[in-house]
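Fold and geometry: a report
Next come the chains, spelled out residue by residue.
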Amino acid sequence: NNAVLTIEPGTVIRGDDKTCGTLVITNGAKIMAEGLETDPIVFTSDKGTTERKPGDWGGIIILGKAPINKLGGISTLPFDLDPTLNHYGGQDAEDNSGILKYVRIEYSGRKLSALKELNGLSLAGVGHKTVLSNIQISYSNDDSFECYGGNLNMNNLVSYRTTDDDFDFTQGAQINISNSIAIRHPFSSDISGSRCFEADSYDKIENTDMTKKMTKINANNITLVNMEENNQGLVRESVHIR
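Along each chain, numbering runs from 1 in the same order as the chain's sequence is written. Confidence filtering applies because this is a predicted model: local features only for residues at pLDDT of at least 70, side-chain atom pairs given and counted only at 80 or more, and all residues used for totals across whole chains, interfaces and linings. Note that water and hydrogens are dropped before the side-chain values are worked out from all heavy atoms of the structure.

**Section: the overall build of the chain**
Note the threshold: Segments assigned H or I by DSSP are reported as helices when at least four residues long, segments assigned E as strands when at least two residues long, and all are numbered from the N terminus. Note on exposure labels: buried denotes an accessible area under 20% of the residue type's maximum, exposed denotes more than 50%, and partly exposed covers the range between, all computed with a 1.4 Å probe on protein chains only. Whether two residues touch is decided by their heavy atoms; if any such pair falls within 4.5 Å, the residues are in contact. Just so you know, the count uses Lys and Arg for positive and Asp and Glu for negative, and it drops His and the chain ends. For the purpose of locating charges, the reference atoms are NZ of Lys, CZ of Arg, CG of Asp and CD of Glu.
Looking only at helices and strands, one finds 0 helices and 18 strands in the chain. Relative to its full complement of 242 residues, the chain shows a buried share of 51%. Within the chain, contacts between residues at least 6 apart in sequence are counted, and of these 71% link residues at least 24 apart. A gap of 2 Å separates the mean positions of the 23 positive and 32 negative side-chain charges of the chain.

Here it is in C-alpha cells:
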C-alpha cells in the first residue's frame, strides 16, 4: 500500500534462517535506510557469530517502476513471492524506491533451487531517484548486487567473498556505477561460473522486446580483485559480457 519503511542508523536486523527471512520493498513502496559512516545499518543472519554462513537468509529485494526490456514491460521474480505483489517494471526511469546508504548486508542469498537463487540485494526495475551508496555485501550465497532492468546510479559499493557474481546486470539495465570494489576469495565460488561483472541484455530472447534498450553499464573507478593463486578456485572471467 505504498508504505515507507524507515530504519534508524545503527540498527541491526537479523534475517531468520528457518523461514528464509527476506525483506521485499514492493512496487510503489519505499525503504529509507540511511545509516551513518560511524553507525551503519546492518542486515545479518540470526545465527550466532560463529555459526553464520552464506545463505542463512534471503536478502533484500526492491521492486520498482523503471523500464525493463521484457515483452509487456512488466515482469516478476522467480522467488516464490506473493503473486499479487511480485511485479516490477514500467515507464518511470525516475522512480524512487528510497535510500540505502551506509548499509551492510551479510550471509544472505538463499538458494531455493537451482533456478531460484536469492541475492544479497536484488534491484528489479528500480529508478534513478533511488539512492544506493556506501553499501557492503559480504558472504552472499549467490550474487551480491543484481539489477533486473531499471535505471540507476550506484556508488561506493563493496562486494566481499560472494559465491556467484559480484555485480550482475540483465533485462536492459541502464546503470552508472562508480568508486566500487569486488574481492573474490578462494573456494567461495560455485560451479555456475562466478565473475566480478556479468552483463546480459536479456534473459531469453523470446521474452525480450527488442525495441527497448539493451543493457548499458558505465563503470568508473572500479577495482576487481581475485585472491586466488594458480586458479585453485572456481572464478572465471573478471568481466563477462553476453
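Further notes follow.
**Brief notes about the sheet that holds strand β3 (residues 22-25)**
Using the following cut-off: Note on pairing: DSSP must find at least two bridges between two strands before they are called paired. Working convention: axes come from line fits to C-alpha atoms, limited for helices to the stretch in contact. Angles between N-to-C directions cover 0 to 180 degrees.
Spatially, β3-β6-β10-β12-β14-β16-β18 is the arrangement adopted by the 7 strands of the open sheet, whose pairing is parallel. On the outer flanks of this sheet lie β3 and β18 (239-241), each paired with one strand and no other. Pairwise comparison of adjacent strand axes, ignoring direction, gives a mean angle of 10 degrees for this sheet. Note: strand β6 (residues 59-63) against strand β10 (residues 121-124), 4 bridges, orientation parallel. Counted as the bridge partner of I60 is L121 from β10.

**Considering the state of the cysteines**
Rule in force here: Disulfides are defined as cysteine sulfur pairs within 2.5 Å.
All chains considered together, the criterion is met by 0 disulfides. Distance from the sulfur of C147, which forms no disulfide, to the nearest cysteine sulfur (C196) is 16 Å.

**Considering the pairing of β10**
Of the two faces of β10, the one carrying L121 and L123 and the one carrying S122 and A124 are both buried. Relative to strand β12 (residues 145-148), β10 runs parallel, the two being bridged by 4 bridges. Residue pairing in the sheet places L123 in a bridge with C147 of β12.

**So, the side chain of T26**
Examined against the element boundaries, T26 turns out to sit in the loop between β3 and β4 (30-34). Every residue in contact with T26, bar those within four places of it in the chain, is listed here: L63 and L85.

**Focus on the nonpolar core**
Inclusion rule: The criterion is simple. A nonpolar core is a set of buried Ala, Val, Leu, Ile, Met, Phe, Trp, Tyr and Cys residues joined through side-chain atoms within 4.5 Å.
One finds I62, L100, I105, L121, L123, I135 and M154 to be the most contacted residues of the largest nonpolar core, which totals 32 residues. The residues touching L123, leaving out its near neighbours within four places in the chain, are I62, L132, E146, C147, Y148, L152 and M154. Counting 10 residues, the second-largest nonpolar core is a separate cluster that includes C20, I68, L118 and Y148.

**Side note on the environment of Q171**
Rule in force here: N or O atoms within 3.5 Å of each other form a polar contact, as long as, within protein, one can give a hydrogen and the other can take it, and as long as residues adjacent in sequence are counted only when both atoms are side-chain atoms.
Mapped onto the elements, Q171 comes out in the loop between β14 (167-170) and β15 (174-184). Sequence separation between Q171 and E146 is 25 residues, and the spatial gap between their C-alpha atoms is 11 Å. Dropping the residues within four chain positions of it, Q171 is found in contact with I68, N69, K70, Y88, Y148, G149, D200, S201, Y202, D203 and T215. Within polar-contact distance, the side chain of Q171 engages the side chain of Y88 at 2.8 Å.

**Some thoughts on the environment of C20**
Relative to the assigned elements, C20 resides in the loop between β2 (12-15) and β3. Note on C20: relative accessible area 13%, which makes it buried. Once the C-alpha coordinates of C20 and W57 are considered, the two residues, 37 residues apart in sequence, prove to be 4.7 Å apart. Setting aside chain neighbours within four positions, we find C20 in contact with W57, G58, R110, L112 and L118.

**Section: the environment of G150**
As for its placement among the helices and strands, G150 is situated in the loop between β12 and β13 (151-160). By relative accessible area, which is 1% here, G150 ends up buried. On a C-alpha basis, the gap between G150 and I175 in space is 7.8 Å, while along the polypeptide they are 25 residues apart. Every residue in contact with G150, bar those within four places of it in the chain, is listed here: A66, P67, I68, G125, V126, G172, A173 and Q174.

**Thoughts on the pattern of salt bridges**
Our working rule: Definition used for salt bridges: Asp or Glu carboxyl oxygen within 4 Å of a side-chain nitrogen of Lys or Arg.
All told, the structure shown has 15 salt bridges when counted by the stated rule. Note that K47 is salt-bridged to D17, the shortest N-O span being 3.7 Å. Residue K47 is located in the loop between β5 (41-45) and β6, and its partner D17 is located in the loop between β2 and β3; the two are separated by 30 residues in the primary sequence. One continuous salt-bridge network, built from bridges that share partners, spans D17, K47, K53, D56 and R110.

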